[in-house]
Amino acid sequence: MELRYNTKEEIQAAHAELRRSFDSHVTLDIEFRKHQLKQLAFLLQDNVDAIADAIRKDLGRCRFETVFAEIMVTTNSVVEAHQNVASWAKNESRWAGAVWAFHDPTVRKEPKGTVLVIGAWNYPISVQIGPMISAIAAGNTAILKPSEVAAHSAKLLAELWPKYMDPRMTRVINGAVEETVQLLDLRWEHILYTGNGRVGKIVAEKAAQWLCPTTLELGGKSPVFVDDSADLKITAHRVLWAKSVNCGQTCIAPDYVICTPGVQSKLLKEFETAYNEFWPKGAKSSPDYARIVNERQFGRLNNILETTKGSIVIGGQRDANVKFMEPTILKDTPRDDIAMSDEIFGPILPIITVKDIDEGCSFVNSRDQPLALYVFGNKKVTEEIAQKTRSGGLVQGDLMLHFCVESLPFGGTGPSGYSSYHGRAGFDTFSHSRATMYAPNSGFLGWVVEKLMAPRYPPYSDGKLARLGMLAGRKLPFKRPSQIYRGAVKGKAIGRFSSTSILILFLALLYRLYGGKALAFLR
Ligand code: NAD
């Protein structure tokens, strides 16, 4: 299938038009944003068959997984954004003490401008349309550049997008490396990139030429700790499912298992049972099991199985002609094994054994911070592991579910990425929090505030500094261990205020509490 890439001229024109329409302020209107979100929901709902078909052609993935992991999850994101965008976008008044009450310190949530979303191939809907939901909710104009690797999905998105979405707000641009680099050389106010860390660095470097903030949604080796306090039957079912969905090509798939040798042997028996339940006639003949996306990825994974020093105890079958690779479990995997070097991103699950949790945590900490970390064990064990390690997300007793919960920020830490999206977090990522103050500058209140703040003007003097300190300086609210800081002793500090200051602060408090209504006569 030939995917048409957009020309240089088309890319430049789309970028210029979106910048112009951002400047026309059309996207500031919350109702306009909500309408675009609704259209996005209809795009998904009306085209379930076409989307499932395109993804089946790209990844050999079954309709069930596409509906569950892409359409359902992404529709939920749209609904969450549609329901909450008005409240997310509201100005937030911040209380900063009576001194600033007249100034009404406020955070205005404003769109950043024209933004770029670069997607990855493994979940062409949820990791490509997902960030667009956040960009739209926040009121930006945006270009989505789908991954050319999932070409059928990219083509479908380019066809469907103009039928549903207003071109003044969003566009889809297709292309490969050359087109992406051309996009990256343009000026953006935010770039969200999903993919591998090598390209993540290129994106961050390109963005730096404009000092453009970025969100990098990368991958990593997400470990699964299995403690002997866990129910191993449940553990095996959940881990094997998470490893085999989309043929293991999931950024938050379990990458490897860490457990003691005793747990390993019991867990392997449970894996075998789960395997036979999931695919009674083998994974190859199952209509539920996906394929590896292309020859290059198949070759990379095949090389792991050819050279690993771990023992293949479950699975291991593969067929390069149809890019089939069976869910495969390796036991007693050496720590310096090929399967333990980079993110696997396929249906291979090495198990490494450790003597205890502490050793497992040290191993995880000796490597890049993973995108997700999973713990099967009791709450105490989970807390210990949570405290001793770092990761983008953490789930106890299950896997990958945190991606589906819109009220949780989704993102990595360190080499697994930075910044986040989903729900409110996504809205904030694509918004600028504009610190705003409304200083009274006319009428009686203007006069009062002017009097209050007058000591800031030259000629400076110690007296003026003391008055400013009394007005706006904060006393240390804590004591030195062996000394008493007098200013902080309750009740004393107030004695240093003049009666005029107290009156002004009292008026400010009233103004703050009653929105100025009580003092309207002063204006
Ligand atoms: P990919 O090959 O589709 O690349 C991602 C994007 O980068 C594409 O749009 C592609 O056109 C662009 N690109 C590729 N090379 C480029 C270059 N040299 N310069 C500029 N742009 C370039 O996807 P991938 O990187 O193979 O994706 C797999 C990785 O993505 C895995 O590591 C996975 O963990 C990660 N991932 C992360 C998330 C997440 O949400 N954190 C989600 C999905 C995938």
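Residues numbered from 1 in each chain as written. Predicted model: local features only at pLDDT ≥ 70, side-chain atom pairs only at ≥ 80, totals over all residues. Heavy atoms only, no water.

### A few points about the overall build of the protein
Right, so step 1: If you tally the helices and strands in the protein, you get 17 helices and 18 strands.
Right, so step 2: Counting only C-alpha atoms and orienting by the principal axes, one finds that the protein spans roughly 85 × 65 × 35 Å.
Right, so step 3: The buried share of the protein, taken over its 523 residues, is 52%.
Right, so step 4: In the protein, 71% of the contacts between residues at least 6 apart in sequence involve partners at least 24 apart.
Right, so step 5: Within the structure as shown, the protein displays about 24600 Å² of accessible surface, and the carbon and sulfur contribution to it stands at 55%. (Helix = DSSP H or I, 4+ residues; strand = E, 2+ residues; numbered from the N terminus. Buried < 20%, exposed > 50% of the residue type's maximum accessible area, 1.4 Å probe, protein only. Contact = heavy atoms within 4.5 Å. Areas by Shrake-Rupley, 256 points an atom, 1.4 Å probe, with all protein chains shown as cover.)

### Notes on the packing of helix α2 (residues 30-46) against helix α5 (residues 129-137)
Right, so step 1: Contact geometry for α2 and α5: axes closest at 9 Å, N-to-C directions at 160°. Classified by the angle between their axes, α2 and α5 sit roughly antiparallel to one another. α2 and α5 meet at a crossing whose hand is left-handed. Contacts between α2 and α5 involve R33, Q36, L37, L40, L43 and L44 from the first element and I129, I133, I136 and A137 from the second.
Right, so step 2: Class assignment of the residues belonging to the contact of α2 with α5 gives a composition of eight nonpolar, one polar and one charged. (Axes fitted to C-alpha atoms, helices over the stretch in contact; angles between N-to-C directions. Parallel < 35°, antiparallel > 145°, perpendicular 65-115°, else oblique. Left-handed = near helix turned anticlockwise from the far one by under 90°. Nonpolar A, V, L, I, M, F, W, Y, C, P; charged D, E, K, R; others polar.)

### Overview of the site of the ligand
Right, so step 1: Every one of the 26 residues lining the ligand counts as a neighbour, but S147, E148, N196, L218 and E343 are closest to it.
Right, so step 2: The contact in question runs from an oxygen atom of the ligand to an N or O atom on the side chain of E148, over 2.7 Å.
Right, so step 3: At a separation of 3.5 Å, an oxygen atom of the ligand approaches a polar side-chain atom of T180.
Right, so step 4: Within the complex, 93% of the 850 Å² of free accessible area of the ligand lies under protein.
Right, so step 5: Contributions of two or more residues to the shell around the ligand are made by α7 (177-184), β6 (190-194) and α8 (197-208).
Right, so step 6: Residue classes in the shell around the ligand are distributed as 14 nonpolar, eight polar and four charged. (Near = heavy atom within 4 Å. Polar contact = N/O pair within 3.5 Å; in protein donor to acceptor, adjacent residues only side chain to side chain.)

### Digging into the sheet that holds strand β16 (residues 393-396)
Right, so step 1: On the basis of which strands lie adjacent, the open sheet formed by seven strands has the order β10-β13-β14-β9-β8-β15-β16 and mixed pairing. Whereas interior strands pair on both sides, the edge strands pair on one side only; in this sheet they are β10 (311-314) and β16. Within this sheet the neighbouring strands show an average axis-to-axis angle of 25°, counted without direction.
Right, so step 2: Of the strand pairs in this sheet, strand β13 (residues 328-331) and strand β14 (residues 348-353) are connected by three bridges, and their pairing is parallel. (Pairing = 2+ DSSP bridges.)

### Describing a nonpolar patch on the surface
Right, so step 1: A surface patch of nonpolar side chains, about 340 Å² in accessible area, is lined by F64, F68 and M72.
Right, so step 2: If you trace the backbone, M72 turns up in helix α4 (residues 63-88).
Right, so step 3: Exposure remark for M72: the relative accessible area of 44% places this residue in the partly exposed category. (Patch = residues over 30% accessible without salt bridge, like charges linked within 9 Å, V, L, I, M, F, W, Y side chains within 5 Å. Salt bridge = Lys/Arg side-chain N within 4 Å of Asp/Glu carboxyl O.)

### Here we look at the sheet that holds strand β3 (residues 114-118)
Right, so step 1: Strand order in the open sheet made by the six strands is β5-β4-β3-β6-β7-β17, with mixed pairing throughout. Of all strands in the sheet, those with a lone pairing partner are β5 (170-172) and β17 (417-418), marking the two edges.
Right, so step 2: Across the sheet, α5 touches β3, β4 (141-145), β5 and β6, and the angle it forms with β4 is around 170°.

### Observations concerning empty space enclosed by the protein
Right, so step 1: Going through the model one piece at a time under the given rule, you end up with three cavities of 30 Å³ or more.
Right, so step 2: Taken together, 16 residues form the lining of the largest cavity, with A69, Y123, M400, F403 and C404 sitting closest to its centre.
Right, so step 3: In terms of residues, the lining of the largest cavity owes the most to one element, α4, which gives four residues.
Right, so step 4: Each residue belonging to the lining of the largest cavity can be placed in one class, and the counts come to 13 nonpolar, two polar and one charged.
Right, so step 5: Counting contributing residues, the lining of the largest cavity receives three or more from each of domain 1 (22-218 + 426-435) and domain 2 (223-408).
Right, so step 6: Taken as a whole, the second largest cavity spans an internal volume of roughly 70 Å³.
Right, so step 7: Taken together, S77, A81, W88, G130, I133, S134, A137, E406, H422 and G423 make up the lining of the second largest cavity.
Right, so step 8: Of all elements in the fold, only α4 and α5 reach the threshold of two or more residues within the lining of the second largest cavity.
Right, so step 9: In terms of residue count, the dominant contributor to the lining of the second largest cavity is α5 (four residues). (1 Å grid on protein atoms, 1.4 Å probe; cavity = no way out; pocket = protein on both sides within 12 Å on 5 of 7 lines; lining within 4 Å. Points joined across faces, edges and corners; volume = space filled by probe spheres on them. Domains from an automatic or database assignment.)

### Describing the nonpolar core
Right, so step 1: Of all hydrophobic cores here, the largest spans 99 residues; its most connected members are I129, W161, V226, I252, V257 and F271.
Right, so step 2: Here this core gathers at least three residues from each of two domains, domain 1 (22-218 + 426-435) and domain 2 (223-408).
Right, so step 3: In this structure, V257 is in contact with V224, V226, V239, L267, L349, P350, I351 and I352, ignoring residues within four places of it in sequence.
Right, so step 4: Ranked by size, the runner-up nonpolar core spans 18 residues in total, among them I11, L184, L186 and V203. (Core = buried A, V, L, I, M, F, W, Y, C linked by side-chain atoms within 4.5 Å.)

### So, the pattern of salt bridges
Right, so step 1: Scanning the entire structure with this criterion turns up 26 salt bridges.
Right, so step 2: Here K388 makes a salt bridge to E384, at a shortest N to O gap of 2.7 Å. One end of the pair, K388, and the other, E384, are both in helix α13 (residues 379-388), four residues apart, so they sit about a helical turn from each other.
Right, so step 3: Exposure remark for K388: the relative accessible area of 32% places this residue in the partly exposed category.

### Regarding the UniProt feature "active site" (unreviewed entry) in the protein
Right, so step 1: The UniProt record marks E217 with the feature "active site" (unreviewed entry), using the residue numbering of this structure.
Right, so step 2: Within the secondary structure, E217 sits in strand β7 (residues 214-217).
Right, so step 3: A residue is classified by how much of its surface remains accessible, and E217, at 4% relative accessible area, is buried.
Right, so step 4: Residues contacting E217, with those up to four places away along its chain left out, are L192, Y193, T194, G195, F410, G411, S416, S419, S420 and Y421. (UniProt positions renumbered as here; feature names shortened; annotations may be inferred.)

### Here we look at the environment of G316
Right, so step 1: For G316, the position within the fold is in the loop between β10 and β11 (318-319).
Right, so step 2: Overall, G316 belongs to the buried group, its relative accessible area being 12%.
Right, so step 3: Residues G316 and C259, 57 residues apart in the sequence, show an inter-C-alpha distance of 22 Å.
Right, so step 4: Apart from residues lying up to four places away in sequence, G316 is in contact with L305, E326, P327 and T328.

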